[in-house]
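Commentary on secondary and tertiary structure
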Amino acid sequence: MDLILAPWPWYVSGFLIALVMFLLLMMGDSFGMSSNLRTLCTICGAGKKTDFFQFDWKSQKWNLLVMIGAVIGGFIGAYFLSSNSGVDISSETVLSLKDYGITSSATSYLPTEIFWDFSIKNLLLLAIGGFLVGFGTRYAGGCTSGHAISGLSNLQLPSLIAVIGFFAGGLFMIHFLFPIIF
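Read on for an overview of the structure. These numbers were taken from a predicted model, which means no experiment stands behind them.

The rules behind the values
- Residues numbered from 1 in each chain as written.
- Predicted model: local features only at pLDDT ≥ 70, side-chain atom pairs only at ≥ 80, totals over all residues.
- Heavy atoms only, no water.
- Helix = DSSP H or I, 4+ residues; strand = E, 2+ residues; numbered from the N terminus.
- Contact = heavy atoms within 4.5 Å.
- Phe/Tyr/Trp six-rings, centres within 6.5 Å; stacked < 30°, edge-to-face > 60°.
- Lys NZ or Arg CZ within 6 Å of the ring centre and 35° of its normal.
- Expected span 1.5 Å × (residues − 1).
- Bend = angle between axes of the 7 residues up to and from the residue.
- Buried < 20%, exposed > 50% of the residue type's maximum accessible area, 1.4 Å probe, protein only.

Among the secondary structure elements, S145 is positioned in helix 8 (residues 144–153). Residues contacting S145, with those up to four places away along its chain left out, are F31, G32, M33 and S150.

This is how it looks when you write it as structure tokens:
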């Protein structure tokens, strides 16, 4: 049980990701989570309103299973296979987060001060952030997992540019915008 409960080394996880990507490449498929939203909208009938949703969604059934598996696996991992000790981050980061009023970093995966505080400010931030993530995912032609894992493994230049943009945007957000917002 210790093998399952302990964090896996990067080379085991990396090998398993590479194996999955190799199998997907051999089958002519690509991985990405954001494409599941398009598939779900198509199943619900959005193709009657917009041409973007008119495609053969049945060819993407396997990707829906990946999404369902990620949700179920995340639930099992969080509630049955973790010590509930939070994320293991450096003590300097914990102190820096306390300066912003986030004290749950040692006991929680999500900062409860942001996600469970239903103030107008937080609801607006989450709504605007969700919109920007959705817009960026559509504008970039895929999500971070799709570009970083699938696109880079296919040696696609647009995916490399997108991943560089994701990291640059994340660094800009955490170093410049986050201190202003919080």
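Now, onward.
Moving on, we get to the packing of aromatic side chains. Enumeration according to the criterion identifies 8 aromatic pairs in this entry. Relative to Y11, the ring of W10 lies with its centre 5.6 Å away and its plane at 85°, an arrangement referred to as edge-to-face. Each member of the aromatic cluster is reached from another via a ring pair, and the members are F75, Y79 and F80. In this arrangement the basic side chain of R38 is found over the ring face of F52, its NZ or CZ atom lying 4.2 Å from the centre. Over the ring of F55 we find R38; its NZ or CZ atom is 4.1 Å from the centre of that ring.

What follows concerns helix 9 (residues 157–181). Residues three or four positions apart in an α-helix share a direction because the helix packs 3.6 residues into each turn. Its 25 residues place the ends of helix 9 34 Å apart at the C-alpha level, agreeing with the 36 Å of an ideal helix rising 1.5 Å per residue. A bend of about 40° at M173 is the largest found in helix 9. For helix 9, the complete set of buried residues consists of S159, A162, V163 and F178. Those residues of helix 9 hidden inside the fold are in contact with helix 6 (112–115) and helix 8.

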